[in-house]
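Topology and contacts: notes
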Amino acid sequence: MAASLNCFLRTGKNAVSALRRRGIHRSAPAAVQVTVRDALTQAMDEELERDERVFLLGEEVAQYDGAYKVSRGLWKKYGDQRIIDTPISEMGFTGIAVGAAMAGLRPICEFMTFNFSMQAIDQVINSAAKTCYMSAGLQSVPIVFRGPNGSSAGVAAQHSQCFAAWYAHCPGLKVVSPWNSEDARGLLKAAIRDDNPVVFLENELMYGVAFEMSEESQSKDFTVPIGKAKVERQGNHATLVSHSRYVGHCLDAAAVLAKEGIECEVINLRTIRPMDVESIETSVMKTNHLVTVEGGWPQFGVGAEICARIMEGPAFNYLDAPATRVTGVDIPMPYAKILEDNSVPQIKDIIFSVKKTLNV
Amino acid sequence: MKNMLTIISNALCRITGRNVLLIDLSAYVSVTSPEAPDLAKTQRQPPKPPPPPPVSTRAHDAELVSCQSDALDAPGARVMVSRSYADLTTQATFDIKRCDLHRLEEGPPLRAELTRDQGLQYYRTMQTVRRMELKADQLYKQKIIRGFCHLYDGQEACAVGIEAAITPSDHLITAYRAHAYTYTRGVSVKEILAELTGRKGGVAKGKGGSMHMYAPHFYGGNGIVGAQVPLGAGIALACRYQGNNQICVTLYGDGAANQGQIFESYNMAALWKLPCIFICENNKYGMGTSVERAAACTDYYKRGDYIPGIRVDGMDVLCVREAAKFAADHCRSGKGPIIMELQTYRYHGHSMSDPGVSYRTREEIQEVRSKSDPISLLKERMLANNMASAEEFKVIDIAIRKEVEDAAQFATSDPEPPLDELCNHIFKSSPPLEVRGTNPWAKLQSLS
């Protein structure tokens, strides 16, 4: 709740002027406030309309309008053939989706949460990711696996795991992790249009958060390139690299640090694999300090990979301090609110880590 | 007749350089087919051909042809027996074993028609698969093929019978014992063997190996036991989605039949009436575990519960063909999925690292070889019904041997894939990608 409010307040400055603008120019599609959920729904709607080979399957995606209402209205519009409710059979329906992709369709396979994708992970990795390579390009698999990833609120250990590191480990997959509405819309459209398996990691806590979307980003052919990070905030003193929900946390931390004269550059990875290391290196060569922020566990995680890559590249020589990782606590997610709150990075953890890295 | 014998005889004289006598035996042998059903039902061994009459008692001197008039007593004179092609049977009908049925009122027909051309084609295909697999065995023992190699010899009637019942625009997916299906789906022996030996001329450019070969409408070749079954159901979904009247044949073994994802596939295929033929190739052993030790219910054709099933003699190519046709019609008519259990046998062990005799007896293997070999069964049927001659089969065998030998030659001499293609084909239609090599300075390139 607090995070949502923060997000809204941050965009509040623009929101007021946007509202005023909207009041005057009713006809022109000016910048609008769109929730991440609606951005995803619109993206799927447009892609379903654009290409009749695209279809959506998963649990409760059709008549229930989606477990998190991300597919609201799609079944009414497109019907049983293109929006398919599946039984609770992840391994089975994921294999079916991959087979359909092999035979020429372009499925969107929804996991109610990525925790359930573990039951189907063999189909994602061995049947989807590796096939183009094993067949020397004869057989491609144009599929999107999407669903909420990472921690939610009070759903406890089996429903809170972040799978970014696991999927990003495997060649043959593209792994994207949007933060705001523009990311969600543009990356989902790019993923659906991509001829390769794309793992699309959403975040349940972000679904209801509204962001301003530019006119350009509302066009039907707007896509965000997979494999390119975005600098959300410029700064000179430290580089904060993050993905998904924690980009927001980084921006909030940066706002607080700015008051103390520390200007952070915040990079929104957008894509985990292939990772845009160049953007991080360019930033680190400017700021000389690196802090990575993620919700997942520390060991063998996204932050670990960033640190290793920085060490292997030109930016290492520009570091004035070892890189720092801010991560989820290395435990299964507890239930009680106070425990859960302290199991994931909070804004104060980011502020603390930046200051430690800067030695202030 | 006389002219034809003259022509053939002269040609043979020239070719062999020997004096050749051709004797027309049509006066002595009945070349019209006896009533086919009786013969097909009762006989396993072809009838012994009548002995050629001694030349001196020949009644029709006018039909005796030779290059030299006094050739009969010359050393090297040979007598050849011929039948005119015009006297061979071009089509026959055979009784085939009745299939056990599950949730079906009627099953496949009890008689199968076979034309001469079809018979020769099935024979040719089965024999090619047999020889190809035996060649792979040989190359593996010479360590020219490495890693996994799961051979199909003994099961040829399944692959050939199925292909005879479907069209090239239908789809097929199987597990790792896939070389035969790769061939029946259109890949040459050369490209298969070269893939096994890991050369750039292989069907997957050496990147896939034994278990990962692909062709149009053939989806491999899958290494994870059972994973191909949901994939097959998905391909069937694509067929129904596109409304193209195509079906998907999805194969798995008796070992895979106990995988949970197969039951998930059954459920969704039945719910959505997917045009999918689920085929269990029951060769009685899942690796080293016999079916009795692995399955509480070994009636694999019944395991689909609400899905109709047929149990088929998988050693008889005609039985397989008729059952597969029946199943294909069932799917194409919109009735949803169907299950076929093919009772078959593999002569080799599970893979090349399994001698195959620790969990079954040599006697058992030998018994199947002598009584139920699919290639022998077809050949004997055709010979018994005068649909082809023994010579014809020999000629075919020789041609196949040559084809497989040439393919093996290619597979051992073709170069391995070049190193600069190591990282290619990770993605399709993507811009070039940098790939990390074994160390930070090894920056490799991946092209689509």
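Conventions used here
- Residues numbered from 1 in each chain as written.
- Chains lettered and ligands numbered in written order.
- Predicted model: local features only at pLDDT ≥ 70, side-chain atom pairs only at ≥ 80, totals over all residues.
- Heavy atoms only, no water.
- Helix = DSSP H or I, 4+ residues; strand = E, 2+ residues; numbered from the N terminus.
- Buried < 20%, exposed > 50% of the residue type's maximum accessible area, 1.4 Å probe, protein only.
- Areas by Shrake-Rupley, 256 points an atom, 1.4 Å probe, with all protein chains shown as cover.
- Contact = heavy atoms within 4.5 Å.
- Buried area = accessible area lost by both parts, 1.4 Å probe.
- Salt bridge = Lys/Arg side-chain N within 4 Å of Asp/Glu carboxyl O.
- Lys, Arg positive; Asp, Glu negative; His and termini not counted.
- Polar contact = N/O pair within 3.5 Å; in protein donor to acceptor, adjacent residues only side chain to side chain.
- UniProt positions renumbered as here; feature names shortened; annotations may be inferred.
- Pairing = 2+ DSSP bridges.
- Axes fitted to C-alpha atoms, helices over the stretch in contact; angles between N-to-C directions.
- Right-handed = clockwise from strand over helix to strand, strands pointing away.
- Core = buried A, V, L, I, M, F, W, Y, C linked by side-chain atoms within 4.5 Å.
- Domains from an automatic or database assignment.

1. Some remarks on the overall build of chain B
Looking only at helices and strands, chain B features 13 helices and 14 strands. For chain B, buried positions account for 53% of its 448 residues. Only carbon and sulfur atoms are counted for the fraction: they give 52% of the accessible area of chain B, which is about 20,600 Å².

2. A look at the interface of chain A and chain B
In this assembly, 47 residues from chain A lie in contact with 38 residues from chain B. Between chain A and chain B, a total of about 3,500 Å² is buried, with carbon and sulfur atoms accounting for 66% of that surface. Contact with chain B buries surface across chain A, with Ile96, Tyr133 and Met134 of chain A losing the most and accounting together for 20% of the total. Viewed at the interface, chain B and chain A are joined by one salt bridge. Among the salt bridges present, the one from Arg436 of chain B reaches Glu312 of chain A, with a minimum N-O distance of 2.4 Å.

3. A look at the side chain of Lys207 of chain B
Inspection of the secondary structure assignment puts Lys207 of chain B in the loop between helix 6 (189-196) and helix 7 (228-242). Of the side chains with opposite charge, Glu421 of chain B comes closest to the buried, unpaired Lys207 of chain B, at an N-O distance of 5.9 Å. A polar atom in the side chain of Lys207 of chain B sits 3.4 Å from the side chain of His425 of chain B. Those residues within four positions of Lys207 of chain B in sequence are excluded, and the remaining contacts are Tyr133, Met134 and Ala136 of chain A together with Glu195, Glu421, Leu422, Asn424 and His425 of chain B.

4. Some points on the environment of Arg72 of chain A
All names here are of chain A. Within the fold, Arg72 resides in the loop between strand 2 (54-58) and helix 3 (74-78). Taking the relative accessible area as the measure of exposure, Arg72 reaches 45% and is therefore partly exposed. Along the primary structure Arg72 and Asp45 are separated by 27 residues, whereas in three dimensions their C-alpha atoms are 9.8 Å apart. Ignoring sequence-local partners within four residues, the contact set of Arg72 consists of Arg37, Thr41 and Asp65.

5. A few points about the UniProt feature "domain: Transketolase-like pyrimidine-binding" (unreviewed entry) in chain A
Here, UniProt's "domain: Transketolase-like pyrimidine-binding" (unreviewed entry) annotation points to residues 34-209 of chain A. Note that residues 34-209 of chain A is 36% helix and 16% strand, and that its end C-alpha atoms are spaced 8 Å apart.

6. Side note on the sheet that holds strand 10 (residues 238-242) of chain A
Residues and elements named next belong to chain A. Taken together, five strands build an open sheet; the order of strands is 9-11-10-13-14 and the sheet is mixed. Two strands lie at the open edges of the sheet, namely strand 9 (230-233) and strand 14 (324-326), each paired on one side alone. Within this sheet the neighbouring strands show an average axis-to-axis angle of 25°, counted without direction. Pairing geometry for strand 13 (residues 290-293) and strand 14, over three bridges, is parallel. The partner of Thr292 across the bridge, within strand 14, is Arg325. The strands touched by helix 10 (residues 277-287) are strand 10, strand 11 (264-268) and strand 13; relative to strand 11, the strand with the most contacts, the crossing angle is about 175°.

7. Considerations on the pairing of strand 8 (residues 276-282) of chain B
All names here are of chain B. In terms of residue burial, strand 8 counts as a mostly covered element, since seven of its seven residues are buried. Alternating residues of strand 8 divide into Cys276, Phe278, Cys280 and Asn282 and Ile277, Ile279 and Glu281, and every residue in both groups is buried. Pairing of strand 7 (residues 248-253) with strand 8, which is carried by six bridges, proceeds in the parallel orientation. Note that in strand 8 the partner of Val249 across the bridge is Ile277. In this view, the connection linking strand 7 to its parallel neighbour strand 8 by way of helix 8 (residues 260-271) has right-handed handedness. Pairing geometry for strand 8 and strand 12 (residues 338-343), over six bridges, is parallel. Counterpart to Ile277 in the pairing with strand 12 is Ile338.

8. Focus on the nonpolar core
Of all hydrophobic cores here, the largest spans 76 residues; its most connected members are Phe145 of chain A together with Tyr252 of chain B. It is helix 7 of chain B that contributes the most residues to this core, eight residues altogether. The residues that make up this core include at least three from each of domain 1 (33-218) and domain 2 (230-358) of chain A. Residue contacts for Tyr252 of chain B: discarding those within four places in its chain leaves Gln228, Val229, Ala257, Ile262, Tyr266, Phe278, Ile279, Cys280, Glu281 and Ile339 of chain B. Formed by 73 residues, the second largest nonpolar core is a distinct cluster that contains Ile96, Ile145, Ile192 and Val320 of chain B.

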